Amino acid sequence: MTTDRTTLRLNDDRKRLLEQASTIVASDPADDPPMSDVIDAALTHLIESHENLEDVRDHYPAQQIKHCCNTSVLRLRYRTSIESKWR
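Please read all numbers here as calculations on a predicted model, not as lab measurements. In this numbering scheme, every chain counts its residues from 1 along its sequence in written order. For a predicted model such as this one, the threshold for reporting local features is a pLDDT of at least 70, and the threshold for listing and counting side-chain atom pairs is 80 or more; totals across whole chains, interfaces and linings nevertheless cover every residue. Each side-chain value is derived from all of the structure's non-hydrogen atoms; neither hydrogens nor water enter the calculation.

Draft legend 1. Layout of the overall build of the chain. What the chain contains, in helices and strands, is three helices and two strands. Under the scheme used here, helices are H or I runs from DSSP no shorter than 4 residues and strands are E runs no shorter than 2 residues, and both carry numbers assigned from the N terminus. Seen in sequence order, the chain has helices and strands lined up from the N terminus as α-α-α-β-β. In this scheme, a residue with accessible area under 20% of its type's maximum is buried, one over 50% is exposed, and one in between is partly exposed, where area comes from a 1.4 Å probe on protein chains only. Every one of the 87 residues in the chain was classed for burial, and the buried ones make up 15%. The contact criterion used is simple: two residues touch if any of their non-hydrogen atoms lie within 4.5 Å. Long-range pairs, those at least 24 residues apart, make up 20% of the contacts in the chain between residues at least 6 apart in sequence. Only carbon and sulfur atoms are counted for the fraction: they give 52% of the accessible area of the chain, which is about 7,500 Å². Method for areas: the Shrake-Rupley scheme with a 1.4 Å probe, in which residue coverage is limited to the protein chains shown.

Right, dumping it as C-alpha cells:
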C-alpha cells in the first residue's frame, strides 16, 4: 500500500499542464475550478480512456485504435498491450 503525500511539487511543465487542464475543466472563461477538481478530472479521464481502449480492442482493427487513441500517457503496442509511460 502506498502512503498518501500532501505535497505536490509544481515545476514549470507541471504548472503549464495544470493550467491547460484547468481551462478544459472550467465551465466558462470566468470559471476557476479548484486544483482538486482538475486533478480528479484528469485521473478520471485517464482511467476511462484505458477502459474505453480495452472495450474496443475486439471491435476495431488494432492499427486503427493505435492511430486514433495513442497518447504520450497511453502508448499502444500494435495488439499486445497498453502501457503507461508513467510509473
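Draft legend 2. A look at the environment of Asp-28. Here Asp-28 lies in the loop between helix 1 (12–25) and helix 2 (35–56). Here a polar contact is taken to be a pair of N or O atoms separated by no more than 3.5 Å, where protein atoms must pair a possible hydrogen donor with a possible acceptor and residues adjacent in sequence count only if both atoms sit in side chains. One polar contact links the side chain of Asp-28 to the main-chain amide nitrogen of Ala-30, over a distance of 2.8 Å.

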